[in-house]
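Listed below, chain by chain, are the residues.
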Amino acid sequence: MLTENQNLSLNHKPGHVKHDGHNMTGFIIFLCSESIIFFAFFVGYSVLKISAPVWYPAGINGIDIKMPLINTVILVSSSFVIYFAEKYLHKKNLWGFRIIWFITMIMGSYFVYGQYVEWSELTFSLQSGAFGGMFYLLTGFHGLHVITGILLMGLMLFRSFIPDNYKGGEMGVESVSLFWHFVDVIWIILFGLIYLWQ
Amino acid sequence: MTIVNYDPRLVKTKNPYPKGPNDWKRFFSFNTDAKVIGIQYIVTALFFLLIGGLLGMLIRGELITPPSDLFDPTVYNGLYTMHGTIMLFLFLFPILSGLTNLLVPPMIGAPDMAFPKLNALAFWLVPVFSIILLLSFFVPGGPASSGWWSYPPISIQNPLGKVLNGEMLWIIAISLSGISSIIGAVNFVTTIIRMRAPGMGFFKMPIFIWTVLAAQLLQLLGLPALTGGAIMLFFDLTFGTSFFRVEGGGDPVLFQHFFWFYSHPAVYVMVLPVFGIFSELFPVYSRKPLFGYKFVAVASFGITILSLVVWVHHMFYTGTPMWMRNLFMFTTMLIAVPTGVKVFAWIATLWGGNIRLSTPMLFCLGGLFNFIFGGITGVMLATVPVDIHVGNTYFVVAHFHYIIFNTIAFGIFAAIYHWFPKFTGKMFYEGLGKVHFALTFIGATLNWLPLHWAGLLGMPRRVASYDPEFAIWNVLASVGAFILGVASIPFILNMVSSWVRGKPAPPNPWKAIGLEWLLPSPPPHENFEEDIPTVLNEPYCYGLNKPFVEDEQFYIEKSLIKH
Ligand code: HEM
Ligand SMILES: [Cu+2]
């Protein structure tokens, strides 16, 4: 045991461990994991489709591709648009960021609207066999992610009006943008599976 | 090297628990301290071990006689389903999260987890989904009754036609448990990757950290597949979709793939940290360096990768084509290689060691012995022709209880005893610990060893009544189960009375090497606070005269200062 007046000394510089700034690491790990749910659905879709004697519900030979194709173009281009919004933020051009960011939100909202229109014109339902279930499950689950993305973007837009909000870095904007790219990539695979592979 | 004069007694100590009152109340609050959360997890999980154990004893009570006389067979179906579900999702996963929470930050020299708030959220989901699961006992039609694997078509039958039913609550509870586990996994992996002490490269990490990393990566890769399957099952049950319904063009076997793609790795999520515990404890209690540290470390990742490609061994008899059976028989047997590396390393560590048979070591040795036995029956089951015969019999039940209880739970008990002084600051009673071990070992062996014979003779699992020729094995098993029930008494007594009035524990009662043993018992709120040690070697250099951290004496003396 030590006595009161003995002096303890450390012969080296004590180390430090960063307390924060791990959000991006955590978020990337989370996204990788999240993508596996989609992967599971994609595998399920493919397995059911390959082994099904009749895939589409009675009276349907396939699904119309026009509307979804427009949607695809919009969503994919929005991934480029959001990239420029980020650029503006890096250059500290707040209004440029806000405007381009908002345009991305509009493009995302249009996608959701297009999805809604497509759904309302379809003649089969969630209960129409394995295909019906899979179709609504995949597009619906993806749509939920798009809506989440738009809401998160709204939050970031709102935060940009708080003075000095982006002084400490743009972590939130960067993760939302990453999430948006993720949603985009998932859609491309989904589009290939459901609409191109008929 | 700079010299920093530093006398910790002169530095004003911050309130060691700034985020809450320093008393029992903090265990009932949304506390973000990993050490509090760890204990919250462990105590909650042990409570559910009692509930799950009670259900287990009810099952064994039914099976002590051949006819189904104690329960209606339908009730019996609910009992074993809930028993398995509670043991896995309310006991094993939470208790391992608890140990991981307690051990990871101090072992790597981090002040806390990377995301303390998410950490607390992950814990508080446990009581939420536990209550949902237990409520299912009271809904019309009773709890889920299709076994812990919930295979369709049985699980989506919903005989009463009610929207709110036991199976639905089961799926909701399991999904919430999945969310909690994913939050935990993101947290653990980030913490281990980003917050290690200076000098602690990957090949200086304790093996426990290696195994946690391997196990949590498995969670991240596997669990979402089960979540996907569970969502589809939920839709089939509630919204009348046909993902797994043959009538609508669905495929029930698809669910089995989703389920086992996760649930086989899940058994490794549970056993890997226990491998870590073995690797930590054997060197301490035999005073020798861990044999083949690097091999043991890397083998953890061998297990991670292989365990993602063996799941079909649970489906050898559900219409799997021959080529697939052979392929998965091969991969399953391959997994014996990294596992074998670890087993040999432990035996070599023990060999010629100065073995001290204290309670934690007894549980470790018992666990290792049982693991070797359970591993052998595992390889037998991986052999397709054998499995076709004994699949779905009590042989499988015996195999996995040898692993899940006799190995994993043994390792958990070993860990609880070993680190009890560190995190409560009190010593436990060695005598009571030994009684606990003896009762547990006898009870567990009597419970599951005879069931191998029942299974080999063809007794099917999940039945409330059976042919009288199997009676003798079942009587033995039931007696074992009741002994296990009794074994909880010395354990609870020991834990409660030691925590309340045990002798104060020194910082390093077992003379162990490791960052956590350089901290006072219990460690202060932020572990090493501002002076984190620089690690020089892996923590297994017993008798090698190699320094563990720079300036070790400083930390030892600091840990001895009374606050
Ligand atoms: C290391 C820890 C292990 C754990 C936690 C574990 C756990 C389990 C569980 C829970 C089951 C039963 C699932 C059920 O039917 O409800 C099972 C079955 C099985 N285990 Fe293990 N096991 C382990 C090791 C092994 C090993 C090393 C092998 C082979 C090399 C193996 C091969 C099998 C096989 C083939 C089955 C399927 C038997 C059947 O359903 O007919 N296991 N195991
Ligand atoms: Cu398995």
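In this convention, every chain numbers its residues from 1, walking through the sequence in written order. Working convention: letters from A go to chains and numbers from 1 go to ligands, in the order in which they are written. Predicted model: local features are reported for residues with pLDDT of at least 70 only, side-chain atom pairs are reported and counted for 80 or more only, and whole-chain, interface and lining totals are derived from all residues. Side-chain figures throughout are based on the complete set of non-hydrogen atoms in the structure, without hydrogens or water.

## Section: the packing of aromatic side chains
Think of it this way: a Phe, Tyr or Trp ring, Trp meaning its six-membered ring, pairs with another when their centres are within 6.5 Å, and the plane angle makes it stacked under 30 degrees, edge-to-face over 60, tilted otherwise. All chains considered together, the criterion is met by 72 aromatic pairs over all chains. Considering the side-chain rings of Phe203(B) and Trp210(B), the 5.2 Å spacing of their centres and the 50° angle between planes classify their relative orientation as tilted. For each residue, the accessible area found with a 1.4 Å probe, counting protein chains only, is set against the maximum for its type, and the residue is called buried under 20%, exposed over 50%, and partly exposed in between. Assessed through its relative accessible area of 7%, Trp210(B) is described here as buried. Distance and angle both matter: a charge sits over a ring if NZ of Lys or CZ of Arg is within 6 Å of the ring centre and within 35 degrees of the ring normal. Positioned above the aromatic ring of Trp95(A) is the side chain of Arg98(A), whose terminal nitrogen or guanidinium carbon lies 4.6 Å from the ring centre.

## Digging into unusual backbone geometry
All names here are of chain B. Of note, the amide linkage connecting proline 152 to proline 153 takes the cis form, showing an omega dihedral of 5°. Counting from the N terminus, the helices are DSSP H or I runs at least four residues long and the strands are E runs at least two residues long. Along the chain, the position of proline 153 falls in the loop between helix H3 (116–135) and helix H4 (166–194). For the bond running from serine 521 to proline 522, omega is -10°, close enough to zero to count as cis. Here proline 522 is to be found in the loop between helix H14 (471–501) and helix H15 (552–560). In the Ramachandran plot, asparagine 158 falls in the positive-phi region, its phi being about 50° despite a non-glycine side chain.

## Some points on the site of ligand 1
Residue and element names in this part refer to chain B. Nearness is judged by heavy atoms alone; a residue qualifies as near a molecule or strand once a single heavy atom is within 4 Å of it. Near ligand 1, the surroundings consist of 23 residues, among which Trp148, Asp387, His399, Ile403 and Arg461 are the closest. Definition of a polar contact: a pair of N or O atoms within 3.5 Å, with one able to donate and the other able to accept a hydrogen when the atoms are protein atoms, and with sequence-neighbouring residues admitted only if both atoms are side-chain atoms. At a separation of 3.4 Å, an oxygen atom of ligand 1 approaches a polar side-chain atom of tyrosine 317. Secondary structure elements with two or more residues in the shell around ligand 1: helix H6 (252–286), helix H10 (359–382) and helix H12 (394–424). For the shell around ligand 1, the class distribution of residues is 15 nonpolar, 6 polar and 2 charged. All residues other than Ala, Val, Leu, Ile, Met, Phe, Trp, Tyr, Cys, Pro, Asp, Glu, Lys and Arg, Gly among them, are scored as polar; the first ten of these are nonpolar and the last four charged.

## Things to note about the coordination of the iron atom of ligand 1
All names here are of chain B. Exactly one protein atom donates to the iron atom of ligand 1; that atom is His399 (NE2), 2.2 Å from the metal. Each metal site lists N, O and S donors within 2.8 Å (3.2 Å for Na, K and Ca). With water left out of the atoms, a site can look as if it is missing ligands. Here the iron atom of ligand 1 and the copper ion (ligand 2) are spaced 4.6 Å apart. Locating histidine 399 in the fold gives a position in helix H12.

## Remarks on the environment of Ala454(B)
With respect to the element layout, Ala454(B) can be found in helix H13 (residues 430–456). By the convention used here, residues are in contact when the closest approach between their heavy atoms is within 4.5 Å. Setting aside chain neighbours within four positions, we find Ala454(B) in contact with Tyr394(B), Met459(B), Phe470(B) and Trp473(B).

## Some details on the coordination of the copper ion (ligand 2)
Four donors placed tetrahedrally about a metal ideally form angles of 109.5 degrees, and six donors placed octahedrally ideally form angles of 90 or 180 degrees. Donor atoms from the polypeptide that coordinate the copper ion (ligand 2) comprise His264(B) (ND1), His313(B) (NE2) and His314(B) (NE2), at 1.9 to 2.0 Å from the metal. Sequence spacing of the donor residues for the copper ion (ligand 2), all on one chain, is H-x48-H-H.

## Things to note about the pattern of salt bridges
Residues and elements named next belong to chain B. The salt bridge criterion pairs a side-chain nitrogen of Lys or Arg with a carboxyl oxygen of Asp or Glu, the two atoms within 4 Å. This model, assessed by the stated rule, comprises 2 salt bridges over all chains. In this structure, glutamate 430 and lysine 434 form a salt bridge, with 3.3 Å as the shortest nitrogen-oxygen distance. Placement of both glutamate 430 and lysine 434 in helix H13 is noted, with a separation of 4 residues, approximately one turn of the helix. A relative accessible area of 35% places lysine 434 in the partly exposed class. Notably, a salt bridge pairs lysine 558 with aspartate 531, separated by 3.0 Å at the nearest N-O pair. Taken together, the positions of lysine 558 in helix H15 and aspartate 531 in the loop between H14 and H15 put the pair 27 residues apart, joining distant regions of the chain. Accessibility expressed as a relative area gives 4% for aspartate 531, which makes it buried.

## A short note on the packing of helix H5 (residues 207–239) of chain B against H6(B)
Residue and element names in this part refer to chain B. As a rule, the C-alpha atoms of each element are fitted with a line to give its axis, helices using only the stretch in contact, and angles between N-to-C directions run from 0 to 180 degrees. H6 packs onto H5 with a crossing angle of 160° between their chain directions and a minimal axis gap of 8 Å. In terms of orientation, H5 and H6 fall into the roughly antiparallel class. Here H5 and H6 pass one another in a crossing that is left-handed. Partitioned by chemical class, the residues of the contact of H5 with H6 number 23 nonpolar, 6 polar and 1 charged. By the definition adopted for this analysis, an angle is roughly parallel if under 35 degrees, roughly antiparallel if over 145, roughly perpendicular if from 65 to 115, and oblique otherwise. Take the far helix as your reference; a near helix turned counterclockwise from it by less than a right angle gives a left-handed crossing, and one turned clockwise gives a right-handed crossing.

## Some points on helix H1 (residues 34–63) of chain B
All names here are of chain B. In this model H1 runs 42 Å from its N-terminal to its C-terminal C-alpha over 30 residues, within 8% of the 44 Å that 1.5 Å per residue would give. Judged by how many residues are buried, H1 sits mostly within the fold: 22 of 30 residues are covered. Capping of H1 at its N-terminal end is provided by aspartate 33; its side-chain oxygen lies 3.0 Å from the backbone amide nitrogen of lysine 35. By this rule, a helix spans an expected 1.5 Å times one less than how many residues it contains.

## Considerations on the confidence of the model for chain B
Residues and elements named next belong to chain B. By definition, pLDDT measures how confident the predictor is in each residue, and it falls between 0 and 100. When the pLDDT values of chain B are averaged, the result is 92; 96% of them are 70 or greater. Scored below 50 in pLDDT, residues 1–21 shows 47 contacts in the model against residues more than four places distant or in partner chains. For this predicted complex, the interface confidence score (ipTM) comes to 0.90, while the overall pTM stands at 0.92.

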